[in-house]
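Understanding the architecture of this molecule
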Amino acid sequence: QVQLVESGGGLVQPGGSLRLSCAASGSISRIYNMGWYRQAPGKQRDLVATITNGGSTNYADSVKGRFTISRDNAKNTVYLQMNNLKPEDTAVYYCTADSVFASRSWGQGTQVTVSS
């Protein structure tokens, strides 16, 4: 089993930056990719970014060029650097981990609010 705990969310002004962290514990060696999703009230949960165990990344068009996903395997942590934040980025951000012998693991989420 994999447990995920997000941190780093908060309130930021438009144009500002935040860095989210997601610490994984448990069966770490089984993780082959990780990612971030987000969900605003009344909206569906959408993919933000993914990263493989080899470091390959993919981004939603809405965040491309502004967000960067990275991971530190030694610390069992995935990050999401968010720059030039916009009000439409306001959402609960969820960390995910895909394992070889388990279904996708989800964190509890961290709130990101972009407002002046």
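Residues numbered from 1 in each chain as written. Predicted model: local features only at pLDDT ≥ 70, side-chain atom pairs only at ≥ 80, totals over all residues. Heavy atoms only, no water.

1. Things to note about the pattern of salt bridges
Definition in use: By salt bridge we mean one thing: a side-chain nitrogen of Lys or Arg within 4 Å of a carboxyl oxygen of Asp or Glu. To qualify as a helix, a DSSP run of H or I must reach at least 4 residues; to qualify as a strand, a run of E must reach at least 2; elements of each kind are numbered from the N terminus. With a 1.4 Å probe rolled over the protein chains alone, any residue whose accessible area is under 20% of its type maximum counts as buried; one over 50% counts as exposed, and the rest are partly exposed.
Summed over the entire model, instances satisfying the criterion amount to four salt bridges. The residue D89 makes a salt bridge to R38 at a minimum N-O spacing of 2.9 Å. Of this pair, D89 sits in the loop between β8 (77-82) and β9 (91-99) while R38 sits in strand β4 (residues 31-39), placing them 51 residues apart in sequence. The same class applies to D89 as to R38, namely buried. K64 is the salt-bridge partner of D61, the closest N and O atoms lying 3.2 Å from each other. The same class applies to D61 and to K64, which are both exposed. Each of R38, R66 and D89 takes part in salt bridges that share partners, so that together they form one network.

2. A closer look at the pairing of strand β10 (residues 102-106)
Applied cut-off: Any two strands with at least two DSSP bridges between them are considered paired.
As defined by bridge partners, β9 adjoins β10 across three bridges and the pair is classed as antiparallel. Counted as the bridge partner of S99 is A102 from β10. Between the antiparallel neighbours β9 and β10 lie two residues.

3. Let's talk about the sheet that holds strand β7 (residues 67-72)
Put simply, the rule is: Here, axes are lines fitted to C-alpha atoms. For helices the fit covers the stretch in contact, and angles between N-to-C directions go from 0 to 180 degrees.
Pairing is antiparallel across the open sheet formed by four strands, whose spatial order is β1-β3-β8-β7. The open sheet terminates on both sides in strands that have one partner only, identified here as β1 (2-7) and β7. Averaged over neighbouring strand pairs, the angle between their axes works out to 15° when direction is ignored. Pairing geometry for strand β3 (residues 18-26) and β8, over six bridges, is antiparallel. Residue S21 lies in a different strand from β8, and its bridge partner there is Y79.

4. Structural notes on the packing of aromatic side chains
Heads up, the rule is: A pair of aromatic rings is counted whenever rings of Phe, Tyr or Trp (Trp by its six-membered ring) have centres within 6.5 Å, and the orientation is called stacked for planes under 30 degrees apart, edge-to-face for over 60 and tilted otherwise. Two thresholds decide whether a charge sits over a ring: the Lys NZ or Arg CZ must be within 6 Å of the ring centre and within 35 degrees of the ring normal.
One pass over the full model with this rule turns up two aromatic pairs. Note on Y37 and W106: the rings are 5.1 Å apart at their centroids and 55° apart in plane angle, and the pair reads as tilted. Linking Y37 in strand β4 with W106 in strand β10, this pair joins segments that are 69 residues apart in sequence. Judged by centre distance (6.3 Å) and plane angle (75°), the rings of Y94 and W106 are edge-to-face. Note that Y94 is positioned in strand β9 and W106 in strand β10, a separation of 12 residues in sequence. The exposure class assigned to W106 is partly exposed, which follows from its relative accessible area of 34%. Site record: aromatic cluster; members linked through ring pairs are Y37, Y94 and W106. Between the NZ or CZ atom of R45 and the centre of the ring of Y94, over which it lies, the distance is 3.9 Å.

5. Description of the side chain of T110
What counts is decided by this rule: For the purposes of these results, a polar contact is taken to be a pair of N or O atoms within 3.5 Å, where, inside protein, one atom must be able to donate a hydrogen and its partner to accept one; residues adjacent in sequence count only when each atom of the pair is a side-chain atom. By the convention used here, residues are in contact when the closest approach between their heavy atoms is within 4.5 Å.
For T110, the location among the structural elements is in strand β11 (residues 110-114). Residue class for T110 comes out buried when judged on its relative accessible area of 9%. Here the side chain of T110 touches G9 through a polar contact of 3.2 Å, landing on its backbone nitrogen. Every residue in contact with T110, bar those within four places of it in the chain, is listed here: E6, S7, G8, G9, L20, A91, V92 and Y93.

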